[in-house]
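Inside the fold
Listed below, chain by chain, are the residues.
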Amino acid sequence: MAATPQNLLRARVGEAVAAAFGDDLEMPEPLVVPTSDARHGDYTTPVAMTLARTLGRSPYELAQRLAAALQVEPVADPPEVVRPGFVNLRLHSAWLAQRVGELVGDECVGVDPAPAPARVVVDYSGPNVAKAMHVGHLRSTIIGDSVANVAELLGHEVERVNHVGDWGTQFGMLIAHLDDRGPLGEEAGSGDLAQVEALYREANARFAADEAFRERARRRVVELQAGDAGVQKIWRWLVGLSMAENQAVYDLLGVRGLVARGESTYQPMLAKVVADLEAANLVVVDDGAKCVFVDGFTNAEGEPLPLIVQKADGGYNYETTDLAALRSRVEQGAGRLVYVVDAGQSQHFQMVFAVARMAGWLPEGVEATHVAFGLVLGEGGRRLRTRSGDSVRLVDLLDEAVQRARRFVVERAEERGEAVPGDVDEVARVVGVGAVKYADLSQHRQSNYVLSFDRMLSLKGNTAPYLQYAYARIRSILREAGWDGGVPDDRPPVILDEPQELDLAKRLVVTGDVVSRVAEDYLSNHLCTHLFEVAQAYHQFYEHCPVLRSPEPLRSSRLALCEVTAATLRLGLGLLGIEVLDRI
Ligand code: ARG
């Protein structure tokens, strides 16, 4: 466990509770929390308040007993008891200075590996073939990538899985339509996704209107599922086309290691999924469809809601596929399954998890989590659309962000009379894509948010460019000091005499807490807030405390603070999937 003040103090408070009130007492939670007001110290323990309720005693008296038993040296100053029954703790500056000293040169800035590494499958992105990725897939990709990065840093064995929608009735319809209108430059290899999407719209309209077409489409699905070579060839071509287009988005985003394992992968396992559910007596046939009813799930009318695992026509569906995928992931040793999918699918995942538990495919100890997120809206709070009313293509959205970032970088340099960076295209990509990602990850993921290029590319506020520019400025100071290649071995100890130094140090030592919290609740906005607070504290420090102009040993001490700040920003942004640049 990371040697953060909170972890250390929590252990001490735990010991003190045992010493003062006995071992057999149920340990109250939380033991130690950060305070919101510096007048109450840096941390406080509300334990006496909780105990007062259970024991029916005065909280103040219990707080005094607790404080008497509490040994917080050398982390914090002697505890202070305040009414009605809090024990406040103030970090000792010598301890902080020593701790910051330990973090110098530590790439992980005090984040320790998880005590029990597991195999973690993160299912994210999940675009659908023959349809362009939409902003929901963008959110899934950005959030999922960050979830995977955090798990990986904590030492887990992470598998990044792209559950591509590459199977289903839409292919029958597409292929039947292609039968009539001829191939889409398939032979010449010249079809593109825009054409396929148009085709999809046409096919959809025919499917809705024309019974004979519907029949033919169904036959094509059956042929596809039966492995008919001709139909499979067209299907593979459609999948390839879509994936090539999606790859352009992944490349721009810098998303790597995401393995496509589409719905078709699980096709051979579907029959067994249903057969095993039947053998376990979990299936009820309702109107020809094979259903599993799950306690607690009802429809709008309050009637029991089933998970349909096989349709009346014999076809399997999205639900069956997710059951098969979950089962195979667990069989292959996954200890944790994470699904990063929009909140609209919450009920789907809750039911899939419940059915998997009933079937014994999700054993106790294997954790399955739906990491749900809200919508991305256009300015004005409406759905994101182009002027012509089409949905926005992700490549276009990212391109626009990069172009705007380019103007932003050039204008800023000109305003300050600095040279425009020579690699301005690369800078624009890093800043533009970083801005899009950060704008997403800094929101509480469950809420909807309005996409605003102006806001995400501002240097005033909690944005990626603000942090990236702060990082580049710190790197330039380190460069000037000759610290950019590594930190000198014979550094003098860190000195924290100025309030701004102390304040910055207090932020720098808690990264381990923040990362372990994000690893548990998948709320990256806490990490963003932390990075923003670090950058702001650094800004205050830099305003008040000269670095390069200070005499030794102060100069080295302040360079150490710069170094740990830069490492924190680099690590934190890296976990969010955002790159940093040494010069902007
Ligand atoms: N293709 C799905 C969609 O666009 C997302 C897939 C999510 N992952 C999963 N295992 N169901 O809605």
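These remarks concern the structure in this document.

About the cut-offs
- Residues numbered from 1 in each chain as written.
- Predicted model: local features only at pLDDT ≥ 70, side-chain atom pairs only at ≥ 80, totals over all residues.
- Heavy atoms only, no water.
- Helix = DSSP H or I, 4+ residues; strand = E, 2+ residues; numbered from the N terminus.
- Buried < 20%, exposed > 50% of the residue type's maximum accessible area, 1.4 Å probe, protein only.
- Contact = heavy atoms within 4.5 Å.
- Areas by Shrake-Rupley, 256 points an atom, 1.4 Å probe, with all protein chains shown as cover.
- Lys, Arg positive; Asp, Glu negative; His and termini not counted.
- Charge placed at Lys NZ, Arg CZ, Asp CG, Glu CD.
- Salt bridge = Lys/Arg side-chain N within 4 Å of Asp/Glu carboxyl O.
- Pairing = 2+ DSSP bridges.
- Near = heavy atom within 4 Å.
- Polar contact = N/O pair within 3.5 Å; in protein donor to acceptor, adjacent residues only side chain to side chain.
- Nonpolar A, V, L, I, M, F, W, Y, C, P; charged D, E, K, R; others polar.
- Axes fitted to C-alpha atoms, helices over the stretch in contact; angles between N-to-C directions.
- Parallel < 35°, antiparallel > 145°, perpendicular 65-115°, else oblique.
- Left-handed = near helix turned anticlockwise from the far one by under 90°.
- Expected span 1.5 Å × (residues − 1).
- Phe/Tyr/Trp six-rings, centres within 6.5 Å; stacked < 30°, edge-to-face > 60°.
- Lys NZ or Arg CZ within 6 Å of the ring centre and 35° of its normal.

Moving on, we come to the overall build of the protein chain. Within the protein chain one finds 20 helices and 14 strands. In terms of overall dimensions, the protein chain has C-alpha extents of about 85 × 70 × 45 Å along its principal axes. Out of the 584 residues in the protein chain, the part that is buried amounts to 52%. Considering only contacts in the protein chain between residues 6 or more positions apart, those separated by 24 or more positions represent 72%. Just so you have it, the protein chain exposes about 26200 Å², and 49% of that area is on carbon and sulfur atoms. The protein chain carries 59 positive and 81 negative side-chain charges, and their two centres are separated by 3 Å.

Attention now goes to the pattern of salt bridges. Per the counting criterion, the structure on display carries 36 salt bridges. As a salt-bridge pair, Asp123 and Arg329 come within 2.9 Å of each other at their nearest N and O atoms. With a gap of 206 residues between them, Asp123 in strand E5 (residues 119-123) and Arg329 in helix H11 (residues 318-331) connect regions that are remote in the sequence. Of the charged contacts, one joins Glu245 and Arg393 as a salt bridge, the two residues approaching to 2.9 Å between their closest N and O atoms. Residue Glu245 is located in helix H9 (residues 229-253), and its partner Arg393 is located in the loop between strand E13 (376-377) and helix H13 (394-415); the two are separated by 148 residues in the primary sequence. For Arg393, a relative accessible area of 34% gives the class partly exposed. One network of salt bridges, with partners in common, ties together Arg119, Glu157, Glu159 and Arg261.

The subject of this paragraph is the pairing of strand E9 (residues 289-298). Of the pairings in the sheet, the one linking strand E8 (residues 284-286) to E9 comprises three bridges and is antiparallel in character. Of the residues in E9, the one forming a bridge with Val284 is Cys291. From the end of E8 to the start of E9, which pair antiparallel, there are two residues, and Asp287 there has a positive phi angle of about 60°. Where E9 lies against strand E10 (residues 304-310), five bridges are found, and the strand directions are antiparallel. Among the inter-strand pairings, Cys291 is bridged to a residue of E10, identified as Ile308. Taking the residues that link successive antiparallel strands as the turn, the E9-E10 hairpin has five residues, and the phi of Gly302 there is positive, at about 85°.

A word on the site of the ligand. The immediate surroundings of the ligand are formed by Asp123, Gly126, Asn128, His137, His163, Tyr318, Asp322, Tyr339, Val341, Gln345 and Phe349. Gly126 has a polar backbone atom sitting 2.8 Å from a nitrogen atom of the ligand. Between the ligand and the protein, one listed contact pairs an oxygen atom with a side-chain N or O atom of His137 at 2.8 Å. The class makeup of the residues in the shell around the ligand is four nonpolar, five polar and two charged.

One can describe the packing of helix H2 (residues 47-55) onto helix H3 (residues 59-69) by two numbers: an axis separation of 8 Å at closest approach and a directional angle of 125°. In terms of their interaxial angle, H2 and H3 are classed as oblique. Seen along the crossing, H2 lies across H3 with a hand that is right-handed. Only Pro59, Leu62, Ala63 and Leu66 of H3 make contact with H2, whose side of the interface consists of Val47, Ala48, Met49, Leu51, Ala52 and Leu55.

What follows concerns helix H1 (residues 5-21). With 17 residues, H1 extends 24 Å between its outermost C-alpha atoms, agreeing within 8% with the 24 Å of an ideal straight helix rising 1.5 Å per residue. Among the residues making up H1, those that are buried are Pro5, Gln6, Asn7, Leu9, Val13, Gly14, Ala16, Val17 and Phe21.

It is worth spelling out the packing of aromatic side chains at this point. Under the counting rule described, the total for this entry stands at eight aromatic pairs. Between the NZ or CZ atom of Arg83 and the centre of the ring of Tyr60, over which it lies, the distance is 3.7 Å.

The antiparallel open sheet is built from four strands, whose spatial order is E1-E2-E4-E3. Where the open sheet ends on each side, the last strands, each with one partner, are strand E1 (33-34) and strand E3 (80-82). Summarising the sheet, E1 and strand E2 (residues 43-45) pair through two bridges and their orientation is antiparallel. Bridge assignment links Val33 to a residue of E2, and that residue is Thr44. Across the sheet, H1 is in contact with E1, E2 and strand E4 (86-89); its angle to E2 comes to roughly 25°.

So, on to the side chain of Lys437. For Lys437, the position within the fold is in helix H14 (residues 424-441). The side chain of Lys437 is buried and forms no salt bridge, while Asp145, the nearest opposite charge, is found at 4.6 Å. In terms of polar contacts, Lys437 uses its side chain to reach the backbone carbonyl oxygen of Leu253, at 2.7 Å. In terms of polar contacts, Lys437 uses its side chain to reach the backbone carbonyl oxygen of Gly577, at 2.8 Å.

Moving on, we come to helix H19 (residues 525-544). Relative to the 28 Å expected for 20 residues at 1.5 Å per residue, H19 spans 29 Å between its end C-alpha atoms, a close match to the ideal helical length. For H19, the set of buried residues is Asn525, Leu527, Cys528, His530, Leu531, Phe532, Val534, Ala535, Ala537, Tyr538 and Phe541. As for H19, its buried residues are in contact with H14, helix H16 (464-480), helix H17 (499-508), helix H18 (511-521) and helix H20 (554-575).

Here the focus is the sheet that holds E8. Pairing within the open sheet is antiparallel, and its three strands lie in the order E8-E9-E10. Where the open sheet ends on each side, the last strands, each with one partner, are E8 and E10. Shown here is a sheet whose adjacent strand axes are inclined to one another by a mean of 55°, direction ignored. Each of E9 and E10 touches helix H12 (residues 346-359); the most contacted strand, E9, lies at about 105° to it.

Cis rather than trans, the peptide bond between Arg83 and Pro84 has omega equal to 5°. Looking at the secondary structure, you find Pro84 in the loop between E3 and E4. The peptide bond linking Glu552 to Pro553 adopts the cis configuration, its omega dihedral lying at 5°. Note on placement: Pro553 falls in the loop between H19 and H20. Not every positive phi belongs to a glycine, and Asn281 is a case in point at roughly 60°. Structurally, Asn281 can be placed in the loop between helix H10 (270-279) and E8. Taking relative accessible area as the criterion, Asn281 reaches 69% and is therefore assigned exposed. With phi around 60°, Asp287 is a residue other than glycine that occupies positive phi space. Its location among the elements puts Asp287 in the loop between E8 and E9.

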